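Close look at the chain arrangement
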Amino acid sequence: MSEEILINVTPMETRVALVENGVLQEVHIERTLRRGIVGNIYKGKVVRVLPGMQAAFVDIGLERAAFIHASEVSEREGSAVEPITALLHEGQALVVQVTKDPIGTKGARLTTHLSIPSRFLVYMPRTPHVGISLKIEEEAERERLKQIVADCVASEGIEEAGGFILRTAAEAAREAEILADIRYVRRLWLQISQQTQIAASPSVIYEDLSLALRTLRDLVSPRTEKVRVDSRETFQKIELFVQELMPAVSGFLQHYPGERPIFDLYGIED
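Figured I'd write up the structure that's included with this text.

The rules we used
Residues numbered from 1 in each chain as written. Predicted model: local features only at pLDDT ≥ 70, side-chain atom pairs only at ≥ 80, totals over all residues. Heavy atoms only, no water. Helix = DSSP H or I, 4+ residues; strand = E, 2+ residues; numbered from the N terminus. Rg over C-alpha atoms; globule rule 2.2 N^0.38 Å. Buried < 20%, exposed > 50% of the residue type's maximum accessible area, 1.4 Å probe, protein only. Core = buried A, V, L, I, M, F, W, Y, C linked by side-chain atoms within 4.5 Å. Contact = heavy atoms within 4.5 Å. Pairing = 2+ DSSP bridges. Axes fitted to C-alpha atoms, helices over the stretch in contact; angles between N-to-C directions.

1. With respect to the overall build of the chain
In terms of regular secondary structure, the chain is built from 6 helices and 15 strands. Computed over the C-alpha atoms, the radius of gyration of the chain is 21 Å, within 12% of the 18 Å expected from 2.2 N^0.38 for a compact globule of 270 residues. A principal-axis box enclosing the C-alpha atoms of the chain has dimensions of 60 × 45 × 35 Å. Buried residues in the chain amount to 46% of all 270 residues.

2. Brief notes about the nonpolar core
In terms of nonpolar packing, the biggest core is built from 52 residues, with I7, I178, L216, V227 and I238 touching the most fellow members. Excluding anything up to four places from it in sequence, I178 contacts L121, L145, I148, V149, L166 and A173. Within the second largest apolar cluster, 20 residues are counted, among which are V49, V73, I84 and V98.

3. Observations concerning the pairing of strand 5 (residues 55-59)
Both strand 4 (residues 41-50) and strand 5 contribute to a ladder of 5 bridges, which runs antiparallel. Within strand 5, the position partnered with L50 by the bridge is A55. Turn length for the strand 4-strand 5 hairpin, with the two strands adjacent in sequence and antiparallel, is 4 residues, and the turn residue Q54 shows positive phi of about 55 degrees. Summarising the sheet, strand 5 and strand 6 (residues 66-69) pair through 4 bridges and their orientation is antiparallel. Pairing of F57 across the sheet is with F67, part of strand 6. Between strand 5 and strand 6, which pair antiparallel and follow one another directly, the connecting turn spans 6 residues, one of which, G61, has a positive phi of 95 degrees.

4. Focus on the sheet that holds strand 11 (residues 130-132)
Spatially, 9-10-12-11 is the arrangement adopted by the 4 strands of the open sheet, whose pairing is mixed. The open sheet has two edge strands, strand 9 (116-117) and strand 11, and neither has a second partner. As paired elements, strand 10 (residues 121-124) and strand 12 (residues 163-166) share 4 bridges and run antiparallel to each other. From the neighbouring strand, L121 faces strand 12, where its bridge partner is L166. Its contacts with the sheet place helix 3 (residues 175-198) against strand 9, strand 10 and strand 12, and it is angled at close to 35 degrees to strand 10.

5. With respect to unusual backbone geometry
Cis peptide bonds are those with omega within 30 degrees of zero, and the linkage from S201 to P202 qualifies with 0 degrees. Not every positive phi belongs to a glycine, and Q54 is a case in point at roughly 55 degrees. Structurally, Q54 can be placed in the loop between strand 4 and strand 5. Positive phi values are uncommon outside glycine, yet A172 reaches one of about 75 degrees. Assignment of secondary structure puts A172 in the loop between strand 12 and helix 3.

6. Side note on helix 4 (residues 211-218)
In terms of residue burial, helix 4 counts as a mostly covered element, since 6 of its 8 residues are buried. Listed as buried for helix 4 are L211, A212, L213, T215, L216 and R217.

7. Here we look at the environment of Q97
Relative to the elements of secondary structure, Q97 occurs in strand 7 (residues 93-100). For Q97, a relative accessible area of 5% corresponds to the buried category. Between the C-alpha atoms of Q97 and G39, which are 58 residues apart in sequence, the distance is 6.0 Å. Setting aside anything within four residues of it in sequence, one finds Q97 in contact with G39, N40, I41, R109, L110, T111, H113, L114 and S115.

Following this line, the structure appears as structure tokens:
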């Protein structure tokens, strides 16, 4: 089964098409002026605590204050969660991550349980836990991946450095590939931590990847034969990203310079 990924970039939007054996399977669109903020990390300021709702409003620099529930602040679960007044107070600086975009009159939803995704894993700097995607069903493979993470953590000397969830893409991944991902997310977390120390409240600390880069991170699979990009600037950004995180992908990256739109060339518009 052959698979190709097409990336079409214009000033107004980026579109991605996943094509298998010449048949369109998925389309993803990200509009420049309406790009989501899910995954972004902010240094915010608590502006109002609501004891009756076990929640608080946090100013993260958007038009409307964002909302956070006590369970997204506490390290405990279920009925053991502390009162919101014991967790937060007005004026408090708080590092948070967006879990849901603002919609209508509702502000964004937040959590303090931060997570940073890479190709094969999700790093949780504040949660000491190793998990495996439920889509990886074979027990021997699950144990192999857990052991690889344990070995990598030990070799890097980062036993107290949070936890990891192995994504579905990690199935059959080599130890060197997982180690490269662990190093990547650890470097990223170090940059975020340093920025948190000096940033004012409210301000954005980290923005999730653009659609083009998320495509490389999330959609490329062993079946992928080509990734074709019709923007020279975006192609160069992808090349840099791939060199750092996914060097094995560089062999099938292609810049498409043709005058005919790439979506027309493959019949995607139809």
